[in-house]
Amino acid sequence: MRFHHLDLNLLVALDVLLEEQNITRAAERLHMTQSATSGVLGRLRTFFEDELLVQVGRKMQPTPYALELATPVREVLLTIRSSITAKPVFDPTSSKRHFRLVTSDYLISVLFAQVIQKIHQEAPHITFEMLSPGDNSAELLMRGEVDMMIVPERYLIDGHPAQLLFEEDHVCVVWRDSPAVGESLTLEQYMQMGHISVGFGRNRHLSIEDWFMSQYGFNRRLEVITNDFNTLPQLLVGTQRVATMHRRLAELYARYLPLRILPPPVKIPVMREFMLWHRSMDGDPMHRWLRERIRDFIQSVDQQADALHAGN
């Protein structure tokens, strides 16, 4: 297909070349030889009247014009994928769609472990890949390389649709037999105790430390930093340490481990968890079906919790 003398198939190659900035790696992804890939780059240079990628030492660097092209080229390809190649209707019982989701281990434990079970009953051939949040998660979503992110409100991306899933409180959790804490926790005790926290990414962003510093201007005494939420409660057992964590996850682990859940000694803002997806997927019927299943599950869980609290 040609549009204004441009072979539209070349846009796929251009997208890969601008991402990889390397002929060899681009050729592997395009399933082409290096010489054929070099030839494609030559045709692109001729059409756009720009070098697009120039050799700088051992690396290829995009030109300023190539950087301007990168986003619209990716957007065009995503629009084609979601609007033209996607089927207008689908049968969940036979679909073999593969979904890539960015979500924390906390959300897998309190949400997706059960959601995937229910989806399997309706759509047994759908598969999932769960990716941990990282420094490049937003870039993956904007490039259409993941189908959805489940993130706190501060990580939403302008221009891409999102939907509130639920609100979450934070609680303090200690070993049930810890002699350092009774049935309540004062701020003085909280600051004197050793803390266990979660750090993410190469820069080790701590789950709640930044907020604590900005609000109160002092550091907690961090004695253990782990790399996922599910190890927090496990690392508390047999110690006099404390962890500040999500209520849903704390209540889940308190069923199996000797833990005590306490109100935090300071007011911690409610956390709002959102589904976030690329705008090109907004009308995709299968994607919309998945969003509805996730939302319906959360609503049913919240209704059961409200009924239980009302009964008590």
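Bear in mind the structure is a predicted one, so any value in this text is a computation, not a measurement.

1. Describing the nonpolar core
Point 1. Counting 39 residues, the largest nonpolar core has Tyr106, Leu111, Leu165, Leu249, Leu290 and Ile294 as its most contacted members.
Point 2. With 7 residues, the top contributor of residues to this core is helix H5 (residues 105-122).
Point 3. In this structure leucine 111 touches Leu165, Ile294, Phe297 and Ile298, once residues within four positions along its chain are discounted.
Point 4. Counting 21 residues, the second largest nonpolar core, distinct from the first, contains Leu11, Leu14, Val16 and Met60.

2. Looking at H5
Point 1. With 18 residues, H5 should reach 26 Å at 1.5 Å per residue; the first-to-last C-alpha distance of 24 Å fits that figure.
Point 2. Of all the bends in H5, the greatest, near 50°, is centred on leucine 111.
Point 3. For H5, every residue scored as buried is listed here: Asp105, Tyr106, Leu107, Val110, Leu111, Phe112, Val115 and Ile119.

3. Regarding the packing of H5 against helix H10 (residues 247-254)
Point 1. Running from N to C, H5 and H10 cross one another at 70°; their axes reach a closest spacing of 10 Å. On the basis of the axis angle, H5 is roughly perpendicular to H10. Pair H5 / H10 crosses with left-handed handedness. Across from Tyr106, Ser109 and Val110 in H5, the residues of H10 making contact are Arg248, Leu249 and Leu252.

4. What to know about the pattern of salt bridges
Oppositely charged side chains can form a pair if their charged atoms are brought close together.
Point 1. Evaluated as defined, the whole model comprises 21 salt bridges.
Point 2. Between glutamate 20 and arginine 29 there is a salt bridge; the shortest N-O distance is 2.8 Å.
Point 3. Assessed through its relative accessible area of 37%, arginine 29 is described here as partly exposed.
Point 4. Of the charged contacts in the structure, one is a salt bridge between arginine 295 and aspartate 296, with a shortest N-O distance of 3.6 Å.
Point 5. When its relative accessible area of 34% is taken as the criterion, aspartate 296 is described as partly exposed.

5. Remarks on the confidence of the model for the protein chain
Point 1. Mean pLDDT over the protein chain: 86, with 88% of residues reaching 70 or higher.
Point 2. Across the protein chain, element-level confidence peaks in strand S14 (residues 259-262) with a mean pLDDT of 96 and bottoms out in strand S1 (residues 2-3) with 42.

6. Concerning the pairing of strand S13 (residues 242-246)
Point 1. Among the 5 residues of S13, 5 are classified as buried, and the element is accordingly described as predominantly covered.
Point 2. Pairing of strand S9 (residues 170-175) with S13 involves 5 bridges; the strand directions are antiparallel. Residue pairing in the sheet places histidine 170 in a bridge with histidine 246 of S13.
Point 3. By the bridge criterion, 2 bridges tie strand S10 (residues 194-200) to S13 in an arrangement that is parallel.

Analysis parameters
- Per chain, the residues get numbers from 1 upward, laid out in the order the sequence is written.
- For this predicted model, a pLDDT threshold of at least 70 governs which residues receive local features, and a threshold of 80 or more governs which side-chain atom pairs are given and counted, while totals over whole chains, interfaces and linings are taken from all residues.
- Hydrogen atoms and water are omitted, and side-chain values are computed over all heavy atoms in the structure.
- Side-chain atoms within 4.5 Å link the members of a nonpolar core, which is a set of buried Ala, Val, Leu, Ile, Met, Phe, Trp, Tyr and Cys residues.
- Note on classification: 1.4 Å probe, protein chains only; a residue is buried when its accessible area is under 20% of the maximum for its type, exposed when over 50%, partly exposed between these limits.
- Here a strand is any run of E in DSSP of at least two residues, a helix any run of H or I of at least four, and the numbering for each starts at the N terminus.
- For this analysis, residues touch if any pair of their heavy atoms sits within 4.5 Å.
- What a helix should span is 1.5 Å times the count of its residues minus one.
- The reported bend at a residue is simply the angle between two axes, fitted to the 7 residues ending at it and to the 7 residues beginning with it.
- Interaxial angles span 0 to 180 degrees and are taken between N-to-C directions of axes, which are lines fitted to C-alpha atoms, for helices over the stretch in contact.
- For classification, angles of less than 35 degrees are called roughly parallel, those exceeding 145 degrees roughly antiparallel, those between 65 and 115 degrees roughly perpendicular, and all remaining angles oblique.
- We call a crossing left-handed when the near helix sits turned anticlockwise from the far one by less than a right angle, and right-handed when that turn is clockwise.
- Whenever Lys or Arg places a side-chain nitrogen within 4 Å of a carboxyl oxygen from Asp or Glu, that contact is recorded as a salt bridge.
- By definition, pLDDT measures how confident the predictor is in each residue, and it falls between 0 and 100.
- Strands were regarded as paired on the criterion that DSSP finds at least two bridges between them.

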